[in-house]
Amino acid sequence: MKLSELLQQIDYVDATLAGDPEIKGVTYDSRQVEPGFVFVAMQGATVDGRDFIPAAVKAGAVAIVAEGVVETGDSAVAGVQVKDGRKALADVAAAYYDNPSKHLRVVGITGTNGKTTTAFVCKHVMANAWHRAGLIGTLGADDGTGMAAGERTTPESSDVHGLLSRMVDNGCRGAAMEVSSHALVQHRVGKVEFDVGVFMNLTRDHLDFHKTMDDYYRAKLSLGTHMARQRGSKKPVMVINVDDVHGQKMARALEDEVTVVTFGFSATADFRATSADLGMRGTSFKMKAKGREYLVRTPLIGRFNVYNCLAALAAADSMGMNFREAISALASVPQVSGRLESVLDNRPYRVFVDYAHTPDALENVLSTLKGLNPGRLITVVGCGGDRDRMKRPMMARAASQWSDIVLLTSDNPRSEEPEVIIDEMARGVVQANFKKIVDRREAIKTAVAAAKPNDIVLIAGKGHETYQEVKGERFPFSDRAEVLAADRLRE
Ligand SMILES: CC(=O)N[C@H]1[C@@H](OP(=O)(O)OP(=O)(O)OC[C@H]2O[C@@H](n3ccc(=O)[nH]c3=O)[C@H](O)[C@@H]2O)O[C@H](CO)[C@@H](O)[C@@H]1O[C@H](C)C(=O)N[C@@H](C)C(=O)N[C@H](CCC(=O)O)C(=O)O
Ligand SMILES: Nc1ncnc2c1ncn2[C@@H]1O[C@H](COP(=O)(O)OP(=O)(O)OP(=O)(O)O)[C@@H](O)[C@H]1O
Ligand SMILES: N[C@H](CCC[C@H](N)C(=O)O)C(=O)O
């Protein structure tokens, strides 16, 4: 693509051109620039991308897109002035990759908890019907050729459009993607045309970034308003959990802008679970939808997974997929890494690794396990550093309310002292059933060693993560591997 063709498709304030070079790529990071690239300099919270214009030019950028007057320092490099760098990145990337979302059925899932699981279920249903489907989320991305690790739940817009483009090239017909609230605020899904948006729930998290629950809600709401604005050839549908008060509010706020489809246990829900049979090996529930009653079976455990399944089914139906086929696909959903993942199956006790890192998620998982198992519940949990501090006592309270033994430990302390985080957590405990063990490996060892027949050990907070981040450094660490090592010590 020539620079002139690209500029025709984006809004800009001013441009100083230097010929009409062929564009070879788009990036927001000077360290990723290769000859022929467009570098979009974004104003960050930590640094200003404009400071890296000289580095980008040195690495071979042929055009620089930035806010304010753009001095490229090289007359052979074009400078393009835009109003908003992050918005411009999405516009440039969508144009460069030829708007790949127009060629896919795209489901965007937002909410505090359940995005990853619901995205996996949606992807599984789509791949079952259409042979190949893509995925973007916390566990990485699948462009149709298999999973590859990623850094963010929702990557930066140029990476999103690049992935969607590869999905199209690899023969995917659909894509399920998680849309975090950070992504919505930072235009990371700019110019993505969603067929269906999904709102799961809104509970406390990320208030380090959004400051108030209302700001956090408005970020989630913007998925619906974004869809209404992006409306191309597609008529957008927003699938909303109306058991959640924020979902009820969102359904009312969006009803004039998009088609609203609701789900939940509430009597008014369009996709309504009427009863659920919860078991240790899976869940079955009755669902009323489309004027009929259906029986849904899934290996996913816990009442919260009924919501994830309802959301995926409502999304599948909104895309016109065969509904009975979608329901039967739910019976073969694979284990989602680190989401109530059973680590030891052949022991008299069971150990689960789970990514619950919010008070609501932890409460859901603990109540599920306690409800399903008569034995003791031993919980190992910590809270991340440099994140919303208020959730610390709340998570410890949930753990101590539901568990017989709680080991408060480190998660990813990041720049903070783990002892301080654990002390803040300890303020929330409601019973004297807890112990502080700062070293997560030791905490897991202690929990597994204490397990008796019929007990359940829950290792919460890090799920699939393969590292522990301490003072800017990431050390290899896997809860799953630590459980296996601790179990070997018992022999
Ligand atoms: C708070 C937040 O979302 N921050 C993201 C944001 O950072 P920022 O605005 O501070 O950017 P910055 O570091 O100041 O850099 C500004 C610009 O300079 C560029 N740069 C920087 C250095 C350099 O040498 N050259 C260069 O070009 C950067 O690439 C960037 O374009 O933009 C960066 C570039 O894309 C992201 O790496 C960074 O993610 C940080 C590390 C992060 O931890 N984000 C988490 C909180 C996050 O996004 N989480 C959500 C939610 C997950 C959930 O739901 O649980 C997610 O979607 O993952
Ligand atoms: N629908 C749900 N409602 C509440 N809690 C849930 C739900 N689904 C899963 N959980 C719990 O939340 C944890 C995180 O689930 P999941 O990874 O699916 O959510 P997420 O929104 O993708 O989180 P993140 O974006 O932080 O990765 C799970 O490990 C489980 O404990
Ligand atoms: N995307 C979330 C994940 C938190 C996972 C938890 N293990 C932690 O490190 O706090 C965040 O960055 O806040």
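Residues numbered from 1 in each chain as written. Chains lettered and ligands numbered in written order. Predicted model: local features only at pLDDT ≥ 70, side-chain atom pairs only at ≥ 80, totals over all residues. Heavy atoms only, no water.

Visitor: Before we go on, may I ask you to explain the confidence of the model for the protein in this structure?
Guide: Parts of the prediction with low pLDDT should not have their coordinates interpreted in detail. For the protein, per-residue confidence averages 95 on the pLDDT scale, and residues scoring 70 or more make up 99% of the total. Under the prediction, the complex receives an ipTM of 0.95, its pTM being 0.94. (pLDDT = per-residue confidence, 0-100.)

Visitor: Just to check I follow, could you spell out the sheet that holds strand E2 (residues 25-27) for this structure?
Guide: By way of backbone hydrogen bonds, the strands of a sheet pair with one another, either parallel or antiparallel. Taken together, five strands build an open sheet; the order of strands is E1-E5-E4-E3-E2 and the sheet is mixed. Every interior strand has two partners, whereas the edge strands, strand E1 (14-16) and E2, have only one. Taken over all neighbouring pairs, the strand axes of this sheet differ in orientation by 15° on average, direction set aside. The pairing of strand E3 (residues 37-41) with strand E4 (residues 63-67) spans four bridges and is classified as parallel. From the neighbouring strand, Val40 faces E4, where its bridge partner is Val65. Sitting on the sheet, helix H3 (residues 85-96) touches E2, E3, E4 and strand E5 (78-82), and the angle it makes with E2 is about 160°. (Pairing = 2+ DSSP bridges. Helix = DSSP H or I, 4+ residues; strand = E, 2+ residues; numbered from the N terminus. Axes fitted to C-alpha atoms, helices over the stretch in contact; angles between N-to-C directions. Contact = heavy atoms within 4.5 Å.)

Visitor: Hey, could you run me through the environment of Gly114 in this one?
Guide: Position of Gly114 relative to the elements: it lies in the loop between strand E6 (105-110) and helix H4 (115-130). Counting along the chain gives 247 residues from Gly114 to Ala361, while the straight-line C-alpha distance between them is 8.6 Å. The residues touching Gly114, leaving out its near neighbours within four places in the chain, are Met200 and Asn308.

Visitor: Explanation requested: the site of ligand 2 in the structure shown.
Guide: Around ligand 2 lies a shell of 21 residues, among which Thr116, Thr117, Arg339, Asp354 and Val365 are the nearest. Note that an oxygen atom of ligand 2 is positioned 2.6 Å from one of the side-chain N or O atoms of Thr116. Alone, ligand 2 offers 620 Å² of accessible surface; in the complex the protein occludes 96% of this. Counting only elements with at least two residues in the shell around ligand 2, the list comes to H4, helix H10 (303-318) and helix H12 (359-372). Sort the elements by how many residues they give to the shell around ligand 2 and H12 lands first, with four residues. Of the residues assigned to the shell around ligand 2, the class counts are five nonpolar, eleven polar and five charged. No fewer than three residues from each of domain 2 (100-331) and domain 3 (341-489) sit in the shell around ligand 2. (Near = heavy atom within 4 Å. Polar contact = N/O pair within 3.5 Å; in protein donor to acceptor, adjacent residues only side chain to side chain. Areas by Shrake-Rupley, 256 points an atom, 1.4 Å probe, with all protein chains shown as cover. Nonpolar A, V, L, I, M, F, W, Y, C, P; charged D, E, K, R; others polar. Domains from an automatic or database assignment.)

Visitor: Which parts of the structure should I look at to understand the sheet that holds strand E12 (residues 237-241)?
Guide: Across the sheet, eleven strands lie side by side as E9-E8-E7-E10-E6-E11-E12-E13-E14-E15-E16; this open sheet has mixed pairing. Strands at the two margins of the open sheet, each flanked by one partner only, are strand E9 (147-148) and strand E16 (292-298). Most of the contacts of H4 go to strand E10 (residues 174-178), to which it runs at about 175°, and overall it touches E6, strand E7 (133-137), strand E8 (140-142), E9 and E10. Lying on the sheet, H10 is in contact with E6, strand E11 (196-199), E12, strand E13 (259-264), strand E14 (271-279), strand E15 (282-289) and E16; it crosses E14 at an angle near 140°.

Visitor: Explain unusual backbone geometry here, please?
Guide: Backbone geometry follows two general trends: most residues other than glycine have a negative phi, and most peptide bonds adopt the trans configuration. A positive phi angle, near 55°, is found at Asp386, a position not held by glycine. Turning to its location among the elements, Asp386 is positioned in the loop between strand E19 (377-381) and helix H13 (391-402). If you check the backbone angles, Lys471 has positive phi at about 45° while not being a glycine. Tracing the sequence through the fold places Lys471 in the loop between strand E23 (467-470) and strand E24 (473-476).

Visitor: Any chance you could explain the nonpolar core here in plain terms?
Guide: Buried together is how nonpolar side chains tend to be arranged in soluble globular proteins. Of all hydrophobic cores here, the largest spans 48 residues; its most connected members are Val107, Met126, Val198, Phe271 and Met287. Here this core takes ten residues from H10, the largest share from any one element. Ignoring any residue separated from it by four or fewer positions in sequence, one finds Met287 in contact with Phe271, Arg272, Ala273, Thr274, Arg292, Glu293, Tyr294, Val296, Leu310, Leu313, Phe323 and Ile327. Listed in part, the 33 residues of the second largest apolar core include Met167, Met227, Ile240 and Leu254. (Core = buried A, V, L, I, M, F, W, Y, C linked by side-chain atoms within 4.5 Å. Buried < 20%, exposed > 50% of the residue type's maximum accessible area, 1.4 Å probe, protein only.)

Visitor: I tried to follow the site of ligand 3 on my own but got confused; where do I start?
Guide: Ligand 3 sits among His206, Tyr355, His357, Gly384, Arg387, Asp411, Asn412, Arg414, Gly461, Lys462 and Glu465. Asn412 is positioned such that a nitrogen or oxygen atom in its side chain is 2.8 Å from an oxygen atom of ligand 3. Within the complex, 86% of the 350 Å² of free accessible area of ligand 3 lies under protein. In terms of residue class, the shell around ligand 3 is made up of one nonpolar, five polar and five charged.

Visitor: Can you help me understand the packing of helix H15 (residues 440-450) against helix H16 (residues 479-489) in this one?
Guide: For any two helices packed against each other, the geometry comes down to the angle between their axes and how far apart the axes lie. The contact between H15 and H16 brings their axes to 9 Å, and the two run at 50°. By the angle class used here, H15 and H16 are oblique. Read as a crossing pair, H15 and H16 show a hand that is right-handed. Note on element contacts: H16 touches H15 through Asp479, Glu482, Val483, Ala486, Asp487 and Leu489, opposite Arg440, Arg441, Ile444, Lys445 and Val448. (Parallel < 35°, antiparallel > 145°, perpendicular 65-115°, else oblique. Left-handed = near helix turned anticlockwise from the far one by under 90°.)

Visitor: Is there a simple way to think about H12 in this case?
Guide: The periodicity of an α-helix, 3.6 residues per turn, causes residues three or four positions apart to be oriented the same way. Across its 14 residues, H12 extends 20 Å between first and last C-alpha, which sits within 8% of the 20 Å expected from 1.5 Å per residue. Where H12 is concerned, the buried positions are Pro359, Ala361, Leu362, Val365, Leu366, Thr368 and Leu369. Contact partners of the buried residues in H12: H10, strand E18 (350-354), E19, H13 and strand E22 (456-460). (Expected span 1.5 Å × (residues − 1).)

Visitor: What am I meant to see in the pattern of salt bridges here?
Guide: Two side chains of opposite charge can pair, provided their charged atoms sit close to one another. Using the criterion set out here, one finds 29 salt bridges in the structure. Between Arg31 and Asp29 there is a salt bridge, and its shortest N-O distance comes to 2.9 Å. Given the relative accessible area of 74%, Arg31 is considered exposed. A salt bridge links Arg474 to Glu469; the nearest nitrogen and oxygen atoms lie 3.3 Å apart. Given the relative accessible area of 16%, Glu469 is considered buried. Residues participating in the shared-partner salt-bridge network are Glu151, Arg152, Glu469 and Arg474. (Salt bridge = Lys/Arg side-chain N within 4 Å of Asp/Glu carboxyl O.)

Visitor: What should I look at first to understand the side chain of His161 in this one?
Guide: With respect to the helices, strands and loops of the structure, His161 is situated in helix H5 (residues 157-169). With relative accessibility at 0%, the residue His161 sits in the buried group. Within the local environment of His161, its side chain forms a polar contact with the backbone oxygen of Gly190, the two atoms lying 2.8 Å apart. Setting aside its immediate chain neighbours within four residues, His161 contacts Ala90, Ala93, Ala94, Tyr97, Pro100, Gly190, Lys191 and Val192.

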